[in-house]
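What follows is each chain in one-letter form.
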Amino acid sequence: MTTMDPQPTGRPGRALLALLLLVPVPTFGTLMAMVIAPGPWGEKVFIACKVWILAFPIEWYLAVERGRPSLSPPRRGGFGAAVVTGAAIIAIMFAAYFLVGRHWIDAEHVAYQAEKSGIGTRERFVAMALFWVFFNSLMEEYVWRWFVVRQCEGLMRARLAVAVSALLFTIHHVVALRVQFDWRVTILASLGVWCGGMIWSWLYVRYRSIWPCYVSHILADVPIFVIGWWLIFG
């Protein structure tokens, strides 16, 4: 995969326009697929939105910012921090599940939603988990850390950009969570997504490469699917 030069964009107006053209799209796609038009049409809109958020950052960077492609090399390291943060997220997620999540989450409803989504068998669940852990997490780091964090840095200081970019990253997750869970789980999980987004945004700002973020993100995704397996298959 090709990512780009890690330096922040330097024009606030251009950065704001880039965010406006990208950030609402995944929320719209999630709403269409899960709330407004669940079914074939909603799925088509969702896929189109996915294509947009993957293609738009590259096109914007090359055509508007006149940037040069790179593979986002981790010249400053960061993999030690990635493993530490990922392990901490794993511990926190399992603790949250055993302390409160297992009492709040309706396992039968989760199993029903999995069957409805086409991942109700063990084989399909594992295939989806592998895709989400290794591919989707990479795409999210490319979009939300490399592109969105950089645009936020064009509008505000780096520390604020970390928090704001993580908040933007969380919005479409809130929609997806609320469809599947009650308000308690939605709030708790959304807070977790925001904290994870801040950790990965901080890693990007600190090390200027998506790869440490990706490693931490992979580790953080593992307990999600382990817990999902427990809820769906017992």
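In the block above lies the structure referred to throughout.
Residues numbered from 1 in each chain as written. Predicted model: local features only at pLDDT ≥ 70, side-chain atom pairs only at ≥ 80, totals over all residues. Heavy atoms only, no water.

J.: Is there a simple way to think about the environment of Ile-199 in this case?
T.: Looking at the element boundaries, Ile-199 is found in helix α8 (residues 183–207). Sequence separation between Ile-199 and Val-133 is 66 residues; the distance between their C-alpha atoms is 17 Å. In this structure Ile-199 touches Thr-85, Ile-89 and Ser-216, once residues within four positions along its chain are discounted. (Helix = DSSP H or I, 4+ residues; strand = E, 2+ residues; numbered from the N terminus. Contact = heavy atoms within 4.5 Å.)

J.: What's the story with helix α7 (residues 158–180) in this structure? I'm lost.
T.: An α-helical turn contains 3.6 residues, so a residue and the one three or four places further along point in the same direction. The terminal C-alpha atoms of α7, which comprises 23 residues, lie 34 Å apart, in line with the 33 Å expected from a rise of 1.5 Å per residue. Taking the largest bend as the criterion, α7 deviates by roughly 30°, centred on Ile-171. Buried residues of α7: Ala-161, Val-162, Ser-165, Ala-166, Leu-168, Phe-169, Thr-170, His-172, His-173, Val-175, Ala-176 and Leu-177, and no others. Residues of α7 that are buried make contact with α1 (12–22), α2 (24–36), α6 (122–153), α8 and α9 (210–233). (Expected span 1.5 Å × (residues − 1). Bend = angle between axes of the 7 residues up to and from the residue. Buried < 20%, exposed > 50% of the residue type's maximum accessible area, 1.4 Å probe, protein only.)

J.: Please clarify how the packing of aromatic side chains should be interpreted in this entry.
T.: In this description, an aromatic ring pair is defined by two values, namely the gap between the centres and the angle between the planes. According to the stated counting rule, one finds 20 aromatic pairs in the structure shown. An angle of 35° between the planes, with centres 5.2 Å apart, marks the rings of Phe-131 and Phe-135 as tilted. Highlighted residues: Phe-131 and Phe-135, both in helix α6, separated by 4 residues, approximately one helical turn. Owing to a relative accessible area of 39%, Phe-131 belongs among the partly exposed residues under this scheme. For Phe-135, a relative accessible area of 39% corresponds to the partly exposed category. (Phe/Tyr/Trp six-rings, centres within 6.5 Å; stacked < 30°, edge-to-face > 60°.)

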